[in-house]
Structures are given as structure tokens and as C-alpha cells.
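Here is what each chain is made of, one letter per residue.
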Amino acid sequence: MVEQDKYVIEGNKDIIINNSRDVNIYLKKGNVNIFYENVKLNANIVVDEGVIKEHLRNSSINTKIRVKGNLKYFSNIENSKVNTHIWGISKHKSINIDGLIIGNKGYGKLVEEILFVNKPVFLRPALEIYGNNIQMEHKAISYIIEEKTIQYIMSRGFSREESVEIIIDSFINMF
Amino acid sequence: MIEKIKAYIKNISKKNNEPKTLLDERLRALEEFLKRKNEINFNFENFFESLFIPKKITWDEIPEEIKNTYKELGISNSEQAYLSGISLEYNENIFNKVKEIFKKKGLIFTSYVEGYKKYENIFNKYRNKLIKPNALSYLNNALFNVGNFIYVPKNKKINIPLQVFFLLTNPFSHFPRNLIILDEGAELTYIEGCIAPTFMKENLHSAYTEIYVHKNAKFKWINVQNWHKNMYVLDNAALDVENGNVKIITINVGSKIVKKIPNIYLNNSNLHINEIGLSDKNELRTGARIYVKNSSNIHIESKSLIKHGKSVFELKLDVNKNSKGKAFIECDSYMLSSDGYSLSDPQLKNNSNEFFISHESLTGDFDTEKLEYLKSRGIDETHAKFLLTIGEFDDILKELPLDYINETMKLIQLYLGDNGGTG
């Protein structure tokens, strides 16, 4: 079994990671600075509300962030590879994702995917690039629940509410 | 200095035979601009001085790189002199001969000031309603010297593209002011070309364009701008589209700073934007601010090449509650040098559970695998890059008229070569 480090954060915290164990973080509210140096790992983060700043040096990180409210995400890459996937469902709360990756060497990918249920959504997947030693890409999608999909599931004997829940579950299963 | 500018404005106004209301408006706008000029990072002192020192340029003063570009484009000597601003002295719109044909169709196509004088009813209804007042809009209001008023009546389809070319030939800046209205069921293709062939320090081009597209109207706006490296292009534009279709194709080449971010208000409409930008030692700020009032469909494709320059793509999308529709946005940029800078900054705000938004972007150098493959077939690197660029830009280029495709392709070829792109 892969060894994992776990953190539950409320307030401000700096995390320095220099071994390649996967990281699990639950950010209730606050600011977290994560410094990666010469590591290769997966980071799983759940955010209620807060700011995440990643600083990568000679590292390769796959970050998956489940967001439930407002998130400010920032990643600075130096000779590194970052693949960040931020997702959420706007059912009970509106979701704001203000993301930015900055870099001059390496590879960066920022994906923001939200299932719009009934609360407003704001997506900002910004990329700031210096020079031509870097490749970056981003994707932002605000999915909707189409009426015809609900109707199809209802035709199989489910109620409207149950149909919506099934669609939400299938969205969660994508990650 | 202020008195001199006022005298200059009075002079323009007198030359155009403008009513006193318009002159008063210009003077008021100047006052407002002077209060707000610090909002923009631009040396207006130098710029104002340049208004009063019209300077005749000689062939020897033209930078060597421009002469080389003309040579590579295969332009004859006399034409080179004309394009370099030696043989023309005044700013003017060059209206096409087809104007007569348009008149038969009931299309009103005249200068802004003539429109103001003759079509007061329409002007009162539409003028200065769309753009939020800012320093540049006041400056344009005070100093505008060219511009068009276009009105396409109900259900009139104008099959011939309407082509306007703004030539800047005095050694100072120019301020086009346009008002375009398409009434219900009308169709129009409007091609706008801008070129500034003189080489004063820090020229300024600041257009103010208001466009209204009504029910079932179709509007295609092709905007090709090719500037010299001393040119500041700071435009204000806004479109109000109600149940209409709008297609915007923009090509930006050269200049020192280009800032072109139109405000677009959509109500049950379709919007299609295609952009190409070539940035070479300059700053390119493109994108759009789109407000979806009601159900609409949006498709945006922006491609840019960046060489020793800055490219910023700003997109603000604000979707109102209960809007239905889809938005597909794609912005790609290719970095050709290690000192380039690119910022892709989409801000997508969705308030509707029936509006789907998708945005994708890719930034980096050309795909080395593809490049090596082409090189292995005996194609040199510059040409291989050119072929890859054309492959990427293909969808946008085919929307242009044939002569513009040729010009753009030549400019891309020059841009990728040693000389670099230049206006």
C-alpha cells in the first residue's frame, strides 16, 4: 500500500514535501502553501473554502481538488510538471474557482469542471507563461443537467429528484 | 497647450461644417478627458504636441526594416513611397465606388458627421448609448476626425461586402467614430482595414464603434489591422445584438500595444468570433466581454503567435439567470521565442442551469514531432512552421475575402522569417 500523509487544516499552514508519498489534505477554511521539491506524487485535496498555493521545483504532481465553495488556486512551476483537476457540484452553495498557473519551464495543465445544479458558478482557469520552454493547457467546463436526460431516467421509474441525484452521482464517479 | 488643442478642435469642427451642439460636445469631452487622462498609461503630452507639428517624411527616414518588408512583399517603388506616407498628407476614408449601388438599396452610408447632421432621429436613438464613458471615449469624442455612419433598413440584404479602409497619413493619430445599425432582417458584411504608414513616435489610434443588430439581422464584421511598431491601438467597441447573428473576424498585426476588447450584449442571439494575432516585440490584448441577457449561442476561436512579445487573452463571460444556450471558447497561442509572454485569462460566470460553457486553451511551442516530420521531407524550418501555422489558422483564414487571405498569409510568412512582422 502506498504511504500517505494526511492534513486537516483550518487557518494558515505551510507544508514542505520532499518525499514522494501521496498527500491528502482537507482544507476547512484558510490558506495553505505547499512546497514540492524533487518529488513525484498525487495530491488529493478537499476544500470548503480557502486559498491553495503550490510551489513546484523539479517535481511532477497530479493534484485533484474537490471544491465545495470558494477556492483560490495558484501554482508556480519551475522545471516541473503539474496536472491539476478541480471539480465540484453547485447544489447547495455557489462555486467560485479562481485558478492560475505560472511557469517558465515544464508542463502545466489546469482543468476546472463544475456540474451546475442550481447555484451560480464562476470559473477562471488562467495561465501565465514566460518563454517557449513550457507547454500549458487549460480547460473549463460548466456542465448542465439536460431535461432530456432527466426525462430518460424518469422513464425508467425514478422520480425527478432521484433522477437528478443519479446524474450527480454519475458526475462524481467521473473523478 | 489646452488652448491650442481647443483651437485645433474648433478647426476640425469648422472644416466639417459641424453644428454648434457637436462642437460644444467635443469641448466638454476634452474637459472630461483631461480630468481622467491618468487612467491610461500613455504619454499624452508628446502626443498632443505631435498634433501641431505635421512633419513631412523623406524616404531616407524610413526604417530599413520597413524597406526590406516592402521588398519582400514585392511592392513597387512608387507604391512603397505611397505606403510610407510620403505621397499622402491627409486623413481620409476611401469610399468605394459601389456606394451608388448601396444608395439604390436604401443603405445609408456616410461619414459620422454627415450622419449626425442629416439623420438626427436615428442618432438621438442610438448614439453614445452602448459604451460606458471612459478616458479614451472622451478623447475620441473630442478629436474624432473620421468615421462612418451605416444604417441598413428593414429586410434589406446587402450582398456586396462594404469595405472601408482607414489610411493614417498625417504624422499624428486618428480617431474613427462609427455607428452601425442593422434594422430587422437586414444583412451586411462590413470589412474594415486600418493601416498607419508613418513613423512618428508613439502614434495613437483609438476607435469608438457602436453596433446595433436587430431581430433576424445578420452582421459580419471583418477587421484587419496592420500597424507599424510605434502605434498604440486602444479601441472602444460595443455591440448590442437582439435576436440577431453576428460574426466577427479580427486580424491584428504589428503595433506597440493593441487593446481591443469589445463589449457585447447578447439577447437571443448567435455570436461567432475568430481572432488571429501576431505579436512581435509588442503587446497584444484581445478578447471580449460578453453579457448574455437571454438565451444565446457563442463560439470563440482565438489563435496567436508570440515572438519577443506579450499576448493577453481576456475573456469575460457573464450569463444571466434563465438563459439557455451554449458557449464554446478556444484560445491557442504559440510561443516562438524564449522571451515571449502569454496570459490566457478567461473569467466565466454562469448563473443559469441551462447554459453550457466549455473553454479550452493550449500554449507552447510548435509540436516538435510534426516539425521534425516536415523537416525530414526536405522543408526548411521557417517554411515548416509556416505550414503548421496555416494548418492551425485555416478555419479562420477561410472566413476572409481572398485578397485578405493572401495578405495575411504573406504577413505570417514574413513574421516567421528573419525580418519579423511589421506593419
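Here, every reference points to the structure presented above.
These numbers come from a predicted model, not from an experiment. (Residues numbered from 1 in each chain as written. Chains lettered and ligands numbered in written order. Predicted model: local features only at pLDDT ≥ 70, side-chain atom pairs only at ≥ 80, totals over all residues.)

Peer 1: Please set out the overall build of chain B residue by residue, giving values where relevant.
Peer 2: The helix and strand tally for chain B stands at twelve helices and 21 strands. Taking all 423 residues of chain B together, 43% fall into the buried category. Expressed as a percentage of contacts within chain B between residues at least 6 apart in sequence, the contacts between residues at least 24 apart total 86%. (Helix = DSSP H or I, 4+ residues; strand = E, 2+ residues; numbered from the N terminus. Buried ≥ 20, exposed ≤ 12 C-beta atoms within 10 Å, placed from the backbone. Contact = placed C-beta atoms within 7 Å.)

Peer 1: Go over the nonpolar core with me, naming the residues and quoting the values.
Peer 2: In a soluble, globular protein the nonpolar side chains are often hidden away together inside. Ranked by internal contacts, the top residues of the largest apolar core, which has 135 residues, are A:Leu71, A:Ile97, B:Leu182, B:Leu188, B:Val213 and B:Phe219. Apart from residues lying up to four places away in sequence, B:Leu182 is in contact with B:Val152, B:Leu188, B:Tyr212, B:Val213, B:His214, B:Ala217 and B:Phe219. (Core = buried A, V, L, I, M, F, W, Y, C linked by C-beta atoms within 7 Å.)

Peer 1: Explain the packing of helix α1 (residues 2-15) of chain B against helix α2 (residues 20-36) of chain B residue by residue, including any values.
Peer 2: Residue and element names in this part refer to chain B. Between α1 and α2, the shortest axis-to-axis distance is 10 Å and the interhelical angle comes to 155°. With respect to α2, the element α1 is oriented roughly antiparallel. For the element pair α1 and α2, the recorded crossing hand is right-handed. Every residue of α2 that contacts α1 at Ile5, Lys6, Ile9, Lys10 and Ser13 is listed here: Leu22, Leu23, Arg26, Leu27 and Leu30. Class assignment of the residues belonging to the contact of α1 with α2 gives a composition of six nonpolar, one polar and three charged. (Axes fitted to C-alpha atoms, helices over the stretch in contact; angles between N-to-C directions. Parallel < 35°, antiparallel > 145°, perpendicular 65-115°, else oblique. Left-handed = near helix turned anticlockwise from the far one by under 90°. Nonpolar A, V, L, I, M, F, W, Y, C, P; charged D, E, K, R; others polar.)

Peer 1: Let's hear about the interface of chain A and chain B: which residues, and what values?
Peer 2: Each side of the interface is counted separately: chain A has 29 residues, and chain B has 30 residues. Taken together, the elements giving at least two residues each to the side of chain A that touches chain B come down to β8 (121-130) and β9 (134-144) of chain A. Broken down by element, the side of chain A that touches chain B gets its largest block of residues, eleven residues, from β9(A). Taken together, the residues of the side of chain A that touches chain B break down into 18 nonpolar, seven polar and four charged. As judged from the seven bridges shared by β9(A) and strand β21 (residues 355-364) of chain B, these two strands associate in the antiparallel manner. Counted as the bridge partner of A:Glu137 is B:Leu362 from β21(B). (Pairing = 2+ DSSP bridges.)

Peer 1: Residues and numbers for the packing of helix α11 (residues 381-397) of chain B against helix α12 (residues 402-416) of chain B, please.
Peer 2: Residues and elements named next belong to chain B. One way to put it is that α11 packs onto α12 with a least axis distance of 10 Å and a crossing angle of 145°. The hand of the α11/α12 crossing is right-handed. Across the interface between the two elements, Thr382, Lys385, Phe386, Thr389, Ile390 and Leu397 of α11 pack against Ile405, Thr408, Met409, Ile412, Gln413 and Leu416 of α12.

Peer 1: Can you explain the pairing of strand β3 (residues 148-152) of chain B? Please cite residues and give values.
Peer 2: All names here are of chain B. For β3, a buried count of five out of five residues is recorded, marking the element as mostly surrounded by other parts of the structure. The alternating pattern of β3 places Asn148, Ile150 and Val152 and Phe149 and Tyr151 on opposite faces, both of which are buried. Bridge analysis of strand β2 (residues 108-111) against β3 gives four bridges, and the strand direction is antiparallel. Within β3, the position partnered with threonine 110 by the bridge is phenylalanine 149.

Peer 1: Help me get a handle on α11(B), residues and values and all.
Peer 2: Residue and element names in this part refer to chain B. Helix geometry: α11 is bent most strongly at glycine 391, by close to 40°. Along α11, the residues that are buried comprise Ala384, Lys385, Phe386, Thr389, Phe393, Ile396 and Leu397. Buried residues along α11 sit in contact with β12 (245-254), β15 (270-280), β17 (296-307), α10 (368-376) and α12. (Bend = angle between axes of the 7 residues up to and from the residue.)

Peer 1: Give a description of the environment of B:Asp345 that names residues and reports values.
Peer 2: Turning to its location among the elements, B:Asp345 is positioned in strand β20 (residues 341-350). Using a count of 18 C-beta atoms within 10 Å as the deciding quantity, one classes B:Asp345 as partly exposed. If we skip the residues at most four places from it in the chain, B:Asp345 touches A:Ala126, B:Val312, B:Phe313 and B:Glu314.

Peer 1: Any chance you could break down the environment of B:Ile306 for me, citing the residues and the numbers?
Peer 2: Residues and elements named next belong to chain B. Relative to the assigned elements, isoleucine 306 resides in strand β17. Of the residues examined, isoleucine 306 has 26 C-beta atoms within 10 Å and is grouped as buried. Sequence separation of isoleucine 306 and glycine 340 is 34 residues, and the distance between their C-alpha atoms is 6.1 Å. In this view, isoleucine 306 contacts Ser279, Ser311, Ser333, Tyr334, Met335, Leu336, Gly340 and Ser342; residues no more than four positions away in its chain are not counted.

Honestly, it's all geometry; don't read function into it.
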